[in-house]
Amino acid sequence: VDQRCPGARTRNGEGMSTHTHAESTADAAENPPLQYQTVAEFVEDYIASVYNRPVTQHGTHWCPMWWYHAEAVEIFMGLWQSWEHMRVNDGPCWLVKWKTYYFYSLMREVTGPEGPFYGCSPREGHAEPEHPDGMPVEAAPVDVFTPRE
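The structure displayed is predicted, hence computed values, not measured ones. (Residues numbered from 1 in each chain as written. Predicted model: local features only at pLDDT ≥ 70, side-chain atom pairs only at ≥ 80, totals over all residues. Heavy atoms only, no water.)

### What to know about the overall build of the protein
The number of helices and strands found in the protein is four helices and zero strands. Here the protein holds 149 residues, and the buried ones make up 26% of them. Put simply, 60% of the contacts in the protein that link residues at least 6 apart link residues at least 24 apart. Surface exposure of the protein reaches about 11000 Å², of which carbon and sulfur atoms provide 53%. (Helix = DSSP H or I, 4+ residues; strand = E, 2+ residues; numbered from the N terminus. Buried < 20%, exposed > 50% of the residue type's maximum accessible area, 1.4 Å probe, protein only. Contact = heavy atoms within 4.5 Å. Areas by Shrake-Rupley, 256 points an atom, 1.4 Å probe, with all protein chains shown as cover.)

### Considering a negative patch on the surface
A cluster of like negative charges, contributed by Glu71, Glu74, Glu109 and Glu114, occupies part of the molecular surface. Here Glu109 is to be found in helix α4 (residues 94–111). (Patch = residues over 30% accessible without salt bridge, like charges linked within 9 Å, V, L, I, M, F, W, Y side chains within 5 Å. Salt bridge = Lys/Arg side-chain N within 4 Å of Asp/Glu carboxyl O. Lys, Arg positive; Asp, Glu negative; His and termini not counted. Charge placed at Lys NZ, Arg CZ, Asp CG, Glu CD.)

### As for the nonpolar core
Phe42, Ile47, Phe76, Leu79 and Trp98 are the most contacted members of the largest nonpolar core, which totals 24 residues. Put simply, the parts of the chain that give this core at least two residues each are α2 (39–50), α3 (70–89) and α4. (Core = buried A, V, L, I, M, F, W, Y, C linked by side-chain atoms within 4.5 Å.)

### What about α2?
What α2 keeps buried is the set Val39, Phe42, Val43, Tyr46 and Ile47. Mapping the buried residues of α2 onto a view down its axis gives an arc of 125 degrees, with all of them on the same face. (Arc of directions from axis to C-beta.)

### Examining the packing of aromatic side chains
Applying the stated criterion across every chain, the model contains 20 aromatic pairs. A ring pair is formed by Trp62 and Phe76, whose centres lie 6.2 Å apart and whose planes are at 40 degrees; its orientation type is tilted. Of the two residues, Trp62 is situated in the loop between α2 and α3 and Phe76 in helix α3; the sequence distance between them amounts to 14 residues. The exposure class of Trp62 is buried, given its relative accessible area of 17%. Aromatic side chains Trp83 and Trp94 sit 4.7 Å apart centroid to centroid with 80 degrees between the ring planes, which places their arrangement in the edge-to-face category. Of the two residues, Trp83 sits in helix α3 while Trp94 sits in helix α4, which places them eleven residues apart along the sequence. Clustering of aromatic rings is evident, with ring pairs tying together Tyr36, Phe42, Tyr46, Tyr51, Trp83, Trp94, Trp98, Phe103 and Tyr104. Over the ring of Tyr51 we find Arg53; its NZ or CZ atom is 4.0 Å from the centre of that ring. (Phe/Tyr/Trp six-rings, centres within 6.5 Å; stacked < 30°, edge-to-face > 60°. Lys NZ or Arg CZ within 6 Å of the ring centre and 35° of its normal.)

### Considering the state of the cysteines
The final tally for this structure, using the stated rule, is zero disulfides. Free cysteine Cys120: the closest other cysteine sulfur is in Cys63, separated by 3.6 Å. A relative accessible area of 4% means that Cys120 is categorised as buried. (Disulfide = S-S within 2.5 Å.)

### Quick word on the packing of α3 against α4
Contact geometry of α3 with α4 gives a least axis separation of 10 Å together with a crossing angle of 175 degrees. Classified by the angle their axes make, α3 and α4 are roughly antiparallel. Mapping the contact onto sequence places Ala72, Ile75, Phe76, Leu79, Ser82, Trp83, Met86 and Arg87 in α3 and Trp94, Leu95, Lys97, Trp98, Tyr102, Phe103, Leu106, Met107 and Val110 in α4. Each residue belonging to the contact of α3 with α4 can be placed in one class, and the counts come to 14 nonpolar, one polar and two charged. (Axes fitted to C-alpha atoms, helices over the stretch in contact; angles between N-to-C directions. Parallel < 35°, antiparallel > 145°, perpendicular 65-115°, else oblique. Nonpolar A, V, L, I, M, F, W, Y, C, P; charged D, E, K, R; others polar.)

### Some points on the environment of Thr38
With respect to the helices, strands and loops of the structure, Thr38 is situated in the loop between α1 (21–30) and α2. By relative accessible area, Thr38 is classed as partly exposed at 38%. Each C-alpha atom, one on Thr38 and one on Gln81, is 9.6 Å from the other, the two residues being 43 residues apart in sequence. Within the local environment of Thr38, its side chain forms a polar contact with the backbone nitrogen of Glu41, the two atoms lying 2.9 Å apart. (Polar contact = N/O pair within 3.5 Å; in protein donor to acceptor, adjacent residues only side chain to side chain.)

Encoded structure:
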């Protein structure tokens, strides 16, 4: 929608929108701008500085190429999305609640001795996991599970 022309129609063919500037302003109030625009920005600017722990062989693990670890990406995505939601919707105590319920427990999982960063280090960099394409599995026999209807 062209914000300079309230009521302008979009060029999407059928079902053309008549979304007005007033509606856009209301949407902006309901959906304030993100503090971090991407999960990468959230990890680089927030997690890497706030969760700054000594990295040891038997304790905390970290991978500078964190995006190579699907499990870490999923967890960081969840942390980022919950951060953005809670900072706007959960009142003045949101940060302590977010850290208590999500941040600390998930960061211990990601950086722990059995987490996805095991084998990686800030000095040595990324290490390929034992099973880079996922854990080995065999297809379950067809008659073991009943399909949902």
